[in-house]
Amino acid sequence: MFSGFVKGIDLWGVNYKLIDYFNAWQIEFLIPFAMILSVLLSATEFIIGISLICNTLITIISYISFLYMIFFTTITIIILKTNPVSDCGCFGDAIILTNQETFIKNLILLIFALIILKYHKKYTSVKKTNKNAIINISTISLFLIIMGYSFQHLPIIDFRPFKTGTNIPQAMRLPQNAKKSIYKNTFVYKNLKTGKEKTFSEENYPWKDSLNWKFISMKSKLIQKGEEPKIENFNIMTKEGEDVKDYFLYDNKPTFFLIIKDIKTADFSESQKIKKLSEYAIKNSINFIALTSSSDEEIKKIKEKYNFAFDFFNTDQTVLKTMIRSNPGLILIKEGTIINKWSKNDIPGIKKITSIKKAS
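Attention here is on the structure that accompanies the text. (Residues numbered from 1 in each chain as written. Predicted model: local features only at pLDDT ≥ 70, side-chain atom pairs only at ≥ 80, totals over all residues. Heavy atoms only, no water.)

## Overview of the overall build of the chain
Across its full length, the chain carries 12 helices and 8 strands. Taken over C-alpha atoms, the radius of gyration comes to 26 Å for the chain, far larger than the 21 Å a tight globule of 360 residues would show. Considering only C-alpha atoms, the chain reaches an extent of 90 × 65 × 40 Å along its principal axes. Taking the contacts inside the chain whose residues are at least 6 apart along the sequence as the reference set, 70% of them involve residues at least 24 apart. A total of about 21300 Å² of accessible surface is found on the chain, and carbon and sulfur atoms cover 58% of it. Considering the chain, the positive charge centre built from 48 side chains and the negative charge centre built from 32 side chains are found 8 Å apart. (Helix = DSSP H or I, 4+ residues; strand = E, 2+ residues; numbered from the N terminus. Rg over C-alpha atoms; globule rule 2.2 N^0.38 Å. Contact = heavy atoms within 4.5 Å. Areas by Shrake-Rupley, 256 points an atom, 1.4 Å probe, with all protein chains shown as cover. Lys, Arg positive; Asp, Glu negative; His and termini not counted. Charge placed at Lys NZ, Arg CZ, Asp CG, Glu CD.)

Put into structure tokens, the structure is as follows:
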């Protein structure tokens, strides 16, 4: 139920994860169906979960849950062996699991699904009552409403690094006491006298003895993964290749980031709102820039088509997808801290921005 909920409020995140899998497995023909599969996956998980809790249609649900776990445990075995994507996306961005942790989790759930399948008749209600069915249907209906709202706007709960209230510069740094990654290094040297190669550890490799040994190669194996910054690879690049993010992150004036993941697929139905807001911002000493991963040619076309006067900069597409799920989407920051976020369907008017400006 939890897995279905966190997926359901972030369908675009599930969509991106499925596309990663389809690309890794070279089944790109499924990419157009990624969003449909995201909806079905989220809804199925939630319905199975709430039905088990409410003990509704327990015979059917027990078989479905068991077959569901058989299927996905098999998938996780394949993922564990091939490692196409480092994070399974089972719980969206709420809980990040490695492929090994995912397999163990699914194995445990499969055991419970088997227990439910075997003993479900023992818990079938003798008395006919509509109470559980009403709770079940009401909860599913509420979930579908929340899922639809989150799809049209933004996730009602944001688990990503760029959530409202985050200070971007701080999130890009690690604390001084952060755990570092531990690697085991092995070195291959060739004996100049015998011509044979030998493997050494860090403790005994003959780096000083150049008369007898010649360095061939080094291999590093990750023993323990260390902590990583919450935000990585965030840059604001000019055409000339200069990173100007510090100018906007440390400016005491508010800054709007218009996030356009991909100009080709972006929905500019609210282009006039964007244009009016940008003009107001520029007149009132508020920074307004667009961040995109698209080419200079695509940027030029879109600026001419909608008469956008603000500047465009380049940012990594993966980072843009993490920043906001909407394409385009709007983020307001001040001194590096995210003040607010809006989807393409919620571009704020001048009055809204005026009140935010006064409050800040």
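## Some remarks on the sheet that holds strand S1 (residues 182–191)
Overall, antiparallel pairing links the 3 strands, which are arranged S2-S1-S3 in an open sheet. Of all the strands in the sheet, the pair left with one neighbour each is strand S2 (197–201) and strand S3 (213–224). Geometrically, the sheet is characterised by an average inter-axis angle of 25° between neighbouring strands, direction not taken into account. In this structure, S1 lies alongside S2, joined through 5 bridges in antiparallel fashion. The residue of S2 that forms the bridge with Lys190 is Glu197. (Pairing = 2+ DSSP bridges. Axes fitted to C-alpha atoms, helices over the stretch in contact; angles between N-to-C directions.)

## Some remarks on the packing of aromatic side chains
Under the definition given, this model contains 25 aromatic pairs. Between Phe2 and Phe91 the ring centres are 5.7 Å apart and the planes differ by 40°, which places this aromatic pair in the tilted class. Taken together, the residues span a long stretch of sequence, with Phe2 in helix H1 (residues 2–8) and Phe91 in the loop between helix H4 (58–82) and helix H5 (99–119) at a distance of 89 residues. Exposure remark for Phe91: the relative accessible area of 15% places this residue in the buried category. Between the aromatic rings of Tyr189 and Phe200, the centroid separation amounts to 6.0 Å while the plane-to-plane angle is 85°, which identifies the pairing as edge-to-face. Here Phe200 lies in strand S2 and Tyr189 lies in strand S1, a separation of 11 residues in the sequence. Through a chain of ring-to-ring contacts, three or more aromatic side chains come together here, namely Phe256, Phe268, Phe288, Tyr306, Phe308, Phe310, Phe312 and Trp342. Directly above the aromatic system of Tyr16 lies the positively charged group of Lys321, at a separation of 4.7 Å from the ring centroid. (Phe/Tyr/Trp six-rings, centres within 6.5 Å; stacked < 30°, edge-to-face > 60°. Buried < 20%, exposed > 50% of the residue type's maximum accessible area, 1.4 Å probe, protein only. Lys NZ or Arg CZ within 6 Å of the ring centre and 35° of its normal.)

## Some remarks on the sheet that holds strand S4 (residues 254–260)
Taken together, 5 strands build an open sheet; the order of strands is S6-S5-S4-S7-S8 and the sheet is mixed. Unpaired on one side and paired on the other, strand S6 (311–314) and strand S8 (337–343) mark the two borders of the sheet. Put simply, the sheet's adjacent strands are angled 25° from each other on average, direction ignored. Strand direction decides the pairing type here: strand S5 (residues 287–292) and S6, joined by 4 bridges, are parallel. By the bridge assignment for S6, Ile289 is matched with Asp311.

## Observations regarding the layout of surface pockets
One simple way to see leftover space: roll a probe sized like a water molecule over the atoms. Roughly 380 Å³ of volume is contained in the second largest pocket. Considering the residues around the second largest pocket, the lining is formed by 20 residues, among which Trp12, Tyr16, Lys261, Thr265 and Asn327 are closest to the centre. Elements supplying a minimum of two residues to the lining of the second largest pocket: helix H2 (11–24), helix H6 (131–152) and helix H11 (317–323). Per-element accounting of the lining of the second largest pocket gives the leading share, 6 residues, to H2. (1 Å grid on protein atoms, 1.4 Å probe; cavity = no way out; pocket = protein on both sides within 12 Å on 5 of 7 lines; lining within 4 Å. Points joined across faces, edges and corners; volume = space filled by probe spheres on them.)

## Things to note about the pattern of salt bridges
Taken as a whole, this structure holds 10 salt bridges when the rule is applied. For the salt bridge of Asp158 with Lys341, the shortest nitrogen-to-oxygen distance reads 3.0 Å. On the criterion of sequence distance, the pair formed by Asp158 in the loop between H6 and helix H7 (168–171) and Lys341 in strand S8 is long-range, its members being 183 residues apart. In this pair, the class of Asp158 matches that of Lys341, namely buried. Two residues, Asp243 and Lys245, come together in a salt bridge whose shortest N-O distance is 2.6 Å. Its relative accessible area of 14% is what places Lys245 among the buried residues. Overlapping salt bridges, with partners in common, bring together Asp10, Asp93 and Arg325 in one network. (Salt bridge = Lys/Arg side-chain N within 4 Å of Asp/Glu carboxyl O.)

## Re helix H9 (residues 271–283)
Over its 13 residues, H9 extends 18 Å from the first C-alpha to the last, a length consistent with the 18 Å expected when each residue adds 1.5 Å. Those residues of H9 that fall on the buried side of the exposure criterion are Ser271, Ile274, Lys275, Leu277, Ser278, Tyr280 and Ala281. Positive backbone phi, approximately 60°, marks Ser285, located one or two places after H9. (Expected span 1.5 Å × (residues − 1).)

## Focus on the environment of Ser201
Relative to the helices and strands, Ser201 resides in strand S2. Overall, Ser201 belongs to the partly exposed group, its relative accessible area being 25%. Between the C-alpha atom of Ser201 and that of Asn185, which follows or precedes it by 16 residues, the distance is 6.5 Å. Residue contacts for Ser201: discarding those within four places in its chain leaves Asn185 and Phe187. A distance of 3.0 Å separates a polar atom in the side chain of Ser201 from a polar atom in the side chain of Glu203. (Polar contact = N/O pair within 3.5 Å; in protein donor to acceptor, adjacent residues only side chain to side chain.)

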